[in-house]
Amino acid sequence: TQLLEQSPQFLSIQEGENLTVYCNSSSVFSSLQWYRQEPGEGPVLLVTVVTGGEVKKLKRLTFQFGDARKDSSLHITAAQPGDTGLYLCAGAGGISSGSARQLTFGSGTQLTVLP
Amino acid sequence: ETGVTQSPTHLIKTRGQQVTLRCSSQSGHNTVSWYQQALGQGPQFIFQYYREEENGRGNFPPRFSGLQFPNYSSELNVNALELDDSALYLCASSPGTSAYNEQFFGPGTRLTVL
């Protein structure tokens, strides 16, 4: 069984602060995706990282894929209340059989940014 | 372009009953994946349908079954409901079967089993 562990599980910060969310696994994935989910909605894809060591920036969000493709991080600079939501990492193309077609999700990080 | 839609939005059932959830995929997408998201957890892969056939399955018992129709819409059926089946059920459509394709999620169906 491939597991993706996210930390922290909950994070409450003030507007303007920086934060980092971590996603770790003992398994190698071909790519990692990050999603954000708001109440009453399905997850929305933020980014896909595919190369070990890759760094992608999306405005105030920076995503990194570990060199060994087992871990990833999401860094938010100067967080805003609109960043509030459940952040999920998901691994694709893991080494287990049948995993080429499915996403393996982490348990999520619930972020609250207070004004 | 219409996004992924799911019905119903909420559903309450009792143990032992059967339920059918429905999903309309995004235009041009031939693949639908179903996920179960328990409260406070990330989504768990149930199965995927591609061109009306099951194309991969997660660790769910056979009482979870599905269908995909020629228009690529899909149904998830759960028989003999158990309390632990209470969850948000998400479907996601994509333009192909690979997990590398972006999956577009619907808003989900909240199932409560009493």
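Residues numbered from 1 in each chain as written. Chains lettered and ligands numbered in written order. Predicted model: local features only at pLDDT ≥ 70, side-chain atom pairs only at ≥ 80, totals over all residues. Heavy atoms only, no water.

**Quick word on the layout of surface pockets**
Put simply, the test is: Both site types are read off a 1 Å grid over the protein atoms alone. A 1.4 Å probe that fits but cannot get out defines a cavity, while an open set with protein on both sides within 12 Å along at least five of seven lines defines a pocket; lining residues have an atom within 4 Å of a point. Grid points are joined across faces, edges and corners, and a volume is the space filled by probe spheres set on the points. A run of H or I in DSSP counts as a helix once it spans at least four residues, and a run of E counts as a strand once it spans at least two, with each numbered from the N terminus. When residues are sorted by character, Ala, Val, Leu, Ile, Met, Phe, Trp, Tyr, Cys and Pro go into the nonpolar class, Asp, Glu, Lys and Arg into the charged class, and all the rest, Gly among them, into the polar class.
The computed volume of the second largest pocket comes to approximately 470 Å³. Lining the second largest pocket are 25 residues; nearest its centre among them are Q37, P39 and L86 of chain A together with Q37 and R110 of chain B. For the lining of the second largest pocket, the secondary structure elements donating two or more residues are β9 (85–92) of chain A together with β11 (109–113) of chain B. Residues of the lining of the second largest pocket, tallied by class, amount to seven nonpolar, 15 polar and three charged.

**Section: the state of the cysteines**
Where we set the bar: Working definition: a disulfide is two cysteine sulfur atoms within 2.5 Å of each other. When accessible area is computed with a 1.4 Å probe and restricted to protein chains, residues below 20% of their type maximum are described as buried, those above 50% as exposed, and intermediate ones as partly exposed.
Under the defined criterion, the tally for this structure stands at two disulfides over all chains. With a sulfur-sulfur separation of 2.0 Å, C23 of chain A is cross-linked through a disulfide to C89 of chain A. Disulfide C23 of chain A-C89 of chain A: torsion about the S-S bond near 75°, hence right-handed. Of this pair, C23 of chain A sits in strand β3 (residues 19–24) while C89 of chain A sits in strand β9; the two residues are 66 residues apart in sequence, bridging distant segments of the chain. Looking at C89 of chain A, the relative accessible area reads 0%, which means it is buried. Shown here is the disulfide that connects C23 of chain B with C91 of chain B, its sulfur atoms set 1.9 Å apart. Looking down the S-S bond of the C23 of chain B and C91 of chain B bridge, the torsion is 70°, so its handedness is right-handed. Pair noted here: C23 of chain B is in strand β3 (residues 19–24) and C91 of chain B is in strand β9 (residues 87–94), with a separation of 68 residues, a long-range link.

**Side note on the packing of aromatic side chains**
The following threshold applies: The pairing test for Phe, Tyr and Trp rings, Trp by its six-membered ring, is centres within 6.5 Å, and the orientation test on the planes gives stacked under 30 degrees, edge-to-face over 60, and tilted for anything in between.
By the definition in use, this model includes nine aromatic pairs over all chains. Arranged with centres 6.5 Å apart and planes meeting at 45°, the rings of W34 of chain A and F63 of chain A form a pair that is tilted. With W34 of chain A in strand β4 (residues 31–37) and F63 of chain A in strand β7 (residues 61–65), the pair connects residues that are 29 residues apart, well separated along the chain. The exposure class of W34 of chain A is buried, given its relative accessible area of 0%. Residues Y35 of chain A and F105 of chain B carry aromatic rings whose centres are separated by 5.7 Å and whose planes lie at 90° to one another, so their mutual orientation is edge-to-face. A residue pair is termed interchain when its members come from two chains, as with Y35 of chain A in strand β4 and F105 of chain B in strand β10 (residues 104–105). Each of the two residues, Y35 of chain A as well as F105 of chain B, counts as buried. One aromatic cluster is present, built from ring pairs that chain together Y35 and F105 of chain A together with Y35, F45 and F105 of chain B.

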